[in-house]
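Observations on the three-dimensional arrangement
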Amino acid sequence: MSHLQTRLTELLGIEHPVVQTGMGWVAGARLVAATSNAGGLGILASATMTLDELAAAVTKVKAATDKPFGINMRADAGDAGDRVDLLIREGVSVASFALAPKPELIAKLKEAGVVVIPSVGAAKHAKKVAGWGADAVIVQGGEGGGHTGPVATTLLLPSVLDAVDIPVVAAGGFFDGRGLAAALSYGAAGVAMGTRFLLTTDSTVPDEVKRRYLDSAFDATVVSKRVDGMPHRVLRTGLVEKLESGSPVRGFTAAVLNAQKFKDMSGMTWRSIVKDGLAMRRGKELTWSQIVMAANTPMLLKAGLVDGNTDAGVLASGQVAGILDDLPSCAELVPTIVDEAVEHLRAASAYIR
């Protein structure tokens, strides 16, 4: 088995420069432990967990692996402080954020010896968090699944690499060793993948849903604002097609009803939902209609990714779904990617004279 030593592997103490992203309803204890045991970095998705569920998931991961792993959190969540305290108390290695955490939160984590890795969508955001003390950043190009931006990875990645000196992890469009070799050639310290890890035997996503991904073509995804008011790359399910072509008013009404379901399931109060909504509104300049739609998203994703109801749910997906055709285990996937990357890097060196 080949090995690649990069600034990311040195920073995290992991074997391979491969990160599994914190996908809501997907990145649970089983997938995270499997990724970390394979030598990569598994990241728990905490946004769709209550605090107690997160604590239980951390216990499960620690029972299944002694390797480093991380927790992805919403920096704007009302209980972000409690989640950070849990992470520190449990000795979790990495704190991952979908939104930039405040400088004082970064300082608290770093003081406790936690590596802080926010995700960013622009060079200016990378510079900001680097200035605040972030240890590394994940930068996702438009090919990636879930919330994404309009700029392709091939343009976004070099712009971020030119802007900061901390390790940069490339995401969006990666699924094999060729991609890892390309990212390293750009100057990245590793790659992060979501859809590729969703499509493994260690993922708890129902088999029929995985088949729906594997049967997809390159044009099977769409970046929609009808899901939660923000650009969100998803598979073109029946529900998504209805949202795209239907009345915004009808979608808003459904969002309110699903927000109520999420409230009941998560144990959150309307007060905490409103508080989180206010934080989101300030941070992203969203309308109240978009806030309600955002509260609706966890239920739509759960319907598809947990319940297996592709007609009533939403399936976040990167464009790589159009090229994937297998379901390896993490133990097979990660070393294979690294072996392929080494092979391609060695082949490329033959051009040097």
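One structure accompanies this document, and this report is about it.

Calculation rules
- Residues numbered from 1 in each chain as written.
- Predicted model: local features only at pLDDT ≥ 70, side-chain atom pairs only at ≥ 80, totals over all residues.
- Heavy atoms only, no water.
- Helix = DSSP H or I, 4+ residues; strand = E, 2+ residues; numbered from the N terminus.
- Buried < 20%, exposed > 50% of the residue type's maximum accessible area, 1.4 Å probe, protein only.
- Contact = heavy atoms within 4.5 Å.
- Areas by Shrake-Rupley, 256 points an atom, 1.4 Å probe, with all protein chains shown as cover.
- Core = buried A, V, L, I, M, F, W, Y, C linked by side-chain atoms within 4.5 Å.
- Axes fitted to C-alpha atoms, helices over the stretch in contact; angles between N-to-C directions.
- Left-handed = near helix turned anticlockwise from the far one by under 90°.
- Nonpolar A, V, L, I, M, F, W, Y, C, P; charged D, E, K, R; others polar.
- Pairing = 2+ DSSP bridges.
- Right-handed = clockwise from strand over helix to strand, strands pointing away.
- Polar contact = N/O pair within 3.5 Å; in protein donor to acceptor, adjacent residues only side chain to side chain.
- Expected span 1.5 Å × (residues − 1).

1. Points about the overall build of the protein chain
Tallying secondary structure elements over the protein chain gives 15 helices and 11 strands in all. Across the 353 residues that make up the protein chain, the buried fraction comes to 54%. Of the contacts made within the protein chain by residues no fewer than 6 positions apart, 61% connect residues no fewer than 24 positions apart. Accessible surface computed for the protein chain: about 15500 Å², of which carbon and sulfur atoms make up 54%.

2. Things to note about the nonpolar core
Generally speaking, soluble globular proteins have nonpolar side chains that are buried together. Counting residues in each nonpolar core, the largest one holds 62 residues, and the members touching the most others are Leu180, Phe197, Tyr213 and Leu305. Setting aside anything within four residues of it in sequence, one finds leucine 180 in contact with Leu4, Pro17, Val18, Phe174, Gly190, Val191, Ile337, Val338 and Ala341. With 23 residues, the next largest nonpolar core counts Ala29, Met49, Ala57 and Leu86 among its residues.

3. Observations regarding the packing of helix H6 (residues 123-132) against helix H7 (residues 153-163)
The N-to-C vectors of H6 and H7 enclose an angle of 35°; their axes lie 8 Å apart at closest approach. As H6 runs across H7, the sense of the crossing is right-handed. Of the residues in H7, those touching H6 at Ala123, Ala126 and Lys127 are Ser159, Val160 and Ala163. Here the contact of H6 with H7 is composed, by residue class, of 4 nonpolar, 1 polar and 1 charged.

4. Looking at the pairing of strand E9 (residues 190-193)
Neither face of E9 is left uncovered, since the one carrying Gly190 and Ala192 and the one carrying Val191 and Met193 both have all their residues buried. For strand E1 (residues 18-20) and E9, the ladder comprises 3 bridges, and the chain directions are parallel. Within the sheet, the bridge partner assigned to valine 19 lies in E9 and is alanine 192. Judged from the 3 bridges that link them, strand E8 (residues 168-171) and E9 form a sheet pairing that is parallel. Bridge pairing in E9 places valine 169 opposite glycine 190. In this view, the connection linking E8 to its parallel neighbour E9 by way of helix H8 (residues 177-186) has right-handed handedness.

5. Focus: the pairing of strand E6 (residues 137-140)
Side-chain direction in a regular strand flips from residue to residue, so the side chains alternate between the two faces of the sheet. Bridge count between strand E5 (residues 115-120) and E6: 2 bridges; the pairing is parallel. Pairing of valine 120 across the sheet is with valine 139, part of E6. Between E5 and its parallel partner E6, the chain crosses via H6, and the hand of that crossover is right-handed.

6. Considering the side chain of aspartate 176
As for its position among the elements, aspartate 176 is in the loop between E8 and H8. Given the relative accessible area of 9%, aspartate 176 is considered buried. At a separation of 3.0 Å, a polar atom in the side chain of aspartate 176 contacts the main-chain amide nitrogen of glycine 179. Apart from the residues lying within four places of it in its own chain, the contact partners of aspartate 176 are Ile337 and Glu340.

7. A look at helix H15 (residues 330-349)
Every α-helical turn comprises 3.6 residues, leaving residues that sit three or four positions apart pointing alike. For H15, built from 20 residues, the straight-helix expectation of 28 Å at 1.5 Å per residue is met to within 8% by its first-to-last C-alpha distance of 29 Å. What H15 keeps buried is the set Cys330, Leu333, Val334, Pro335, Ile337, Val338, Ala341 and Val342. Considering only its buried residues, H15 is in contact with E1, helix H2 (29-37), H8, E9 and helix H9 (195-198).

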